[in-house]
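Structure at a glance
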Amino acid sequence: MRNVVDALSIVLLVAAAVAFAFGVHALGDERDLAALYFLVTGALLLRSATDLLRPKLDGR
Amino acid sequence: MPLSVVEREAKDAVRRQSIALSGLYAWAATVLYPVTLHGASTLARVTAGLAAALLGAGVALGTRPPLGRAFGLHAFVGASVVTWMLLGPLIAPDHLDPARAALGAVGWMLFAFAWGAPREPRGVPEDDPHFVPGEPLPPRNELPRRASLVLAVATAGAALPLALAFRVTRTYHSLFGHAVAVACAVALVSAGADIAVRRGKWVPVEPASRRLAQAMVPLVLVGMILLAGAVALVSG
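The following refers to the structure shown.

Conventions used here
- Residues numbered from 1 in each chain as written.
- Chains lettered and ligands numbered in written order.
- Predicted model: local features only at pLDDT ≥ 70, side-chain atom pairs only at ≥ 80, totals over all residues.
- Helix = DSSP H or I, 4+ residues; strand = E, 2+ residues; numbered from the N terminus.
- Buried ≥ 20, exposed ≤ 12 C-beta atoms within 10 Å, placed from the backbone.
- Contact = placed C-beta atoms within 7 Å.
- Nonpolar A, V, L, I, M, F, W, Y, C, P; charged D, E, K, R; others polar.
- Expected span 1.5 Å × (residues − 1).
- Arc of directions from axis to C-beta.

Once that is clear, we can look at the overall build of chain B. Along chain B, the regular secondary structure elements total eight helices and zero strands. The order of α-helices and β-strands along chain B, N terminus first, is α-α-α-α-α-α-α-α. By the burial criterion, 23% of the 236 residues in chain B qualify as buried. Sequence-distant contacts, at least 24 apart, represent 72% of the contacts inside chain B between residues at least 6 apart.

Here we come to the interface of chain B and chain A. Contacts between the two partners involve 38 residues from chain B and, on the opposite side, 35 residues from chain A. Within the residue set of the side of chain B that touches chain A, elements represented by two or more residues are helix 5 (147-164), helix 6 (171-198), helix 7 (209-214) and helix 8 (216-235) of chain B. At 10 residues, the largest contribution of residues to the side of chain B that touches chain A is made by helix 6 of chain B. Grouping the amino acids of the side of chain B that touches chain A by side-chain chemistry returns 27 nonpolar, seven polar and four charged.

So, on to helix 2 (residues 42-61) of chain B. Residue and element names in this part refer to chain B. Over its 20 residues, helix 2 runs 28 Å from end to end, which matches the ideal 28 Å to within 8%, given 1.5 Å per residue. For helix 2, the set of buried residues is Ala44, Thr47, Ala48, Ala51, Leu54, Leu55, Gly58 and Val59. Projected down its long axis, helix 2 carries its buried residues within an arc of 130°, all on one side. Exposed positions of helix 2 whose direction lies more than 90 degrees from the buried face are Thr42, Leu43 and Ala60. Looking one or two residues beyond helix 2, the residue adopting positive phi is glycine 62, at roughly 100°.

Right, dumping it as structure tokens:
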């Protein structure tokens, strides 16, 4: 289970990078709404990846 | 093996020559050339000459003492910047020759490298005059496993939006595109570095299902936004 969650967090990090790339790409194609969609998705994916990989702080 | 005095002096001489040559080249390509154009002010020509004199003084004073560095690096770059500010529209992007600008950038890069202080191929820490003898200090901690992989993924991912931002050609959107790309890159690298490096200082969350629970809110939001995107795609 632990390895699966580790792998999922890496996948989410990669997905966030891809979503950011799609967002900037869409901005270049003058698809502003799609760009906003992908950038917001990327931010949420990045936050998910961080929360999954970030172990609990010591003492908390 | 510690370097002899003669070797040190030889290396210092080579370094000073590298600084002088790269600095002179960068100055000639990016400062001297525009001040020779018609329309350059006298003050700009004076500051350009001052920049060259400061470079020469810095090289003559040496690379190690603070005064040499102050003249040859900080004052030289400062005088060059003042010259560019005084030149104004003469160095506007539409007046620049791309090849000359690229060569000038290479010159400044070489100048920066020449001022850098990489470790000598045969140098050892004991060569430093401020070296304090004693037992080597052991590292307090080690990088967690797979830290390099996480950081490499984040760094490679950060390069994508930075490169794609150059596709944004609309006048008002291009700057926004670059700003968004930089923000995305910074977020990716920061998150990647944070995850990669600091993991070793934290207590792992067990069982792993608790990690899913602590990321539940953003995961649910991701699910919702992906669902909304799929619905919008299907409905056309």
